[in-house]
Structures are given as structure tokens and as C-alpha cells.
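Now for the letters of each chain:
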Amino acid sequence: MSDIKLEIKDLHKFFDIPGKRLHILKGINLTVKKGEIVAILGPSGSGKSTLLHILGTLIRPTEGNVYIENTDVFSLCDEELSALRNKKIGFIFQFHYLLPEFTALENVMIPMMIQNDAKRHPERSEGSQNNAVKLLENVGLAERLSHNVNELSGGEQQRVAIARALSCNPELLLADEPTGNLDKETANSVKDILWNLVRQENKTLIIVTHNEDLAKSSDRIVHLIDGKIY
């Protein structure tokens, strides 16, 4: 069995604006192994977030292919692509995107309840809650389950976001500046938690960052400059 989790072949992305066509990604080729942590470093405007959004199937490339294991993901229809995204990919963003009106526990439960179609299968809610409790315990938030998001510190919110990203047991994690809004001590703590969970669960992690210290902890650093891999 191949140990390749993700393969990118000759990836291009153009954005059309009035009177101009922007060539953001310029022939990206990259292979990532199962269980590998890869950091993508590059200056602002180099195409890092665009690449991550394509890898997460949130936007389609203009040209090229992305394979998750043996699946050419952009050959799928939108419904199939959505199903693959929900099952195989977890996202961690700089700004958390947690739902402020819900507790930490509820934020982690929601993706599982959607995946399990809890409206039609309410009996599955208990399983979602038990899994969410375990995930929050794993990120050190056992005492904060019932706290609303606005009652948590920035580091605690990011740990909730990590637990939420892992809630549907994805094989591939994509993180966009996950420590960008945190002080150095908190950032190191969040990084250690994320790295440990990825190692324990044998997940594949691709992380976009400006933080060279964070990148040095990864298995491999890829530089993205002006839309090209170096």
C-alpha cells in the first residue's frame, strides 16, 4: 500500500479581477506522506492560503490535480467533494471561527452531529457528546466544557478549534496560521498539543505559517514564494 497521503500535480490558480488576471499559483508540485507534518513558509501574498483552500477543497484550481490517496478530488462532483471534505479533512484557522453562542462542548459536537445526521438519528447525539468530551480532555479543557467561547482565553479557544478539527476523525489536517494570534508561550503550548495529537493518531498535517520556530518543529519545510514551491 502506498504511503502517499496527498499529491499535487502542476497546480495553477488564476483570479480574474476587472481588467486583470492574477496568476496566484504557478505550477505547484508537492507530495506529502501519511503521518507527515509539513510546514509551508512564505511571505504574505505568496499564495499560501490559496493553496491551503484548494487542498481543503474549498475552492477549485484553474489547472492541475490534487490527489488524496488515489482519489483525484477535483474530478468529483460538488456533492461527492463535500462528502470527502467532511469525512477526510479537518481545518484549523487563525481566527478559530467558533460559534460564540455555544459552549466549548457544543462547538466540538456540532460537526459530528451534522455528519451523523442527528436530526434523523437523535440516538447518535450521546455518542457525539462522549467523543467531544474525550477530545476536549485531550487538549486540556476538561474543566471548561460548559463555558461559552467568549469566556475562554485565546489559547483555550484555539484548543477548542483543534478538538473540533479532530471531531470527525479526519485523516488530513490543514492549519492556517494556528498560532498567529497567540503570545509565544501560549503558541508553544498549542503547538505541542497539536503535534502530540497528530503523532498519536497518525494524522497528516499541513500547516501554513510565518512562524519559522513553529516550522522548524515540522518534519519538512516547504517555501512558497510568488506562487512557486522552492
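So, here is what we can say about the structure in this document. Everything numeric here is computed off the predicted structure, so don't read it as measured data.

Reading the values: the criteria
- Residues numbered from 1 in each chain as written.
- Predicted model: local features only at pLDDT ≥ 70, side-chain atom pairs only at ≥ 80, totals over all residues.
- Heavy atoms only, no water.
- Pairing = 2+ DSSP bridges.
- Helix = DSSP H or I, 4+ residues; strand = E, 2+ residues; numbered from the N terminus.
- Contact = heavy atoms within 4.5 Å.
- Axes fitted to C-alpha atoms, helices over the stretch in contact; angles between N-to-C directions.
- Polar contact = N/O pair within 3.5 Å; in protein donor to acceptor, adjacent residues only side chain to side chain.
- Parallel < 35°, antiparallel > 145°, perpendicular 65-115°, else oblique.
- Left-handed = near helix turned anticlockwise from the far one by under 90°.
- Nonpolar A, V, L, I, M, F, W, Y, C, P; charged D, E, K, R; others polar.

Here we have six strands laid out as an open sheet, ordered E6-E7-E8-E3-E9-E10, and mixed in their pairing. The open sheet terminates on both sides in strands that have one partner only, identified here as strand E6 (89-93) and strand E10 (228-229). Together, E6 and strand E7 (172-176) form the strand contacts of helix H5 (residues 154-165), whose direction differs from that of E6 by roughly 170 degrees. The strands that helix H6 (residues 184-201) touches are strand E3 (37-41), E6, E7 and strand E8 (204-209); relative to E8, the one it contacts most, it runs at about 155 degrees.

Take the side chain of Asp176 next. Locating Asp176 in the fold gives a position in strand E7. A polar side-chain atom of Asp176 sits 3.2 Å from a polar atom in the side chain of Ser49. Excluding residues within four positions of it along the chain, Asp176 makes contact with Ser49, Leu52, Ile92, Phe93, Gln94 and Val208.

What follows concerns the sheet that holds strand E5 (residues 71-72). One open sheet holds the four strands; their spatial order is E2-E1-E4-E5, and the pairing between them is antiparallel. Edge strands, defined here as strands with exactly one partner in the open sheet, are strand E2 (20-33) and E5. Note: strand E4 (residues 63-68) against E5, two bridges, orientation antiparallel. Each bridged residue has a counterpart across the sheet, and for Ile68 the counterpart in E5 is Thr71.

Running from amino to carboxyl end, H5 crosses H6 at an angle of 15 degrees, the nearest separation of the two axes being 10 Å. Considering the angle they form, H5 stands roughly parallel to H6. Like other packed secondary-structure pairs, H5 and H6 cross with a definite hand, here right-handed. Facing H5, whose interface residues are Gly155, Gln158, Arg159 and Ile162, H6 presents Thr186, Val190, Ile193, Leu194 and Leu197. Class assignment of the residues belonging to the contact of H5 with H6 gives a composition of five nonpolar, three polar and one charged.

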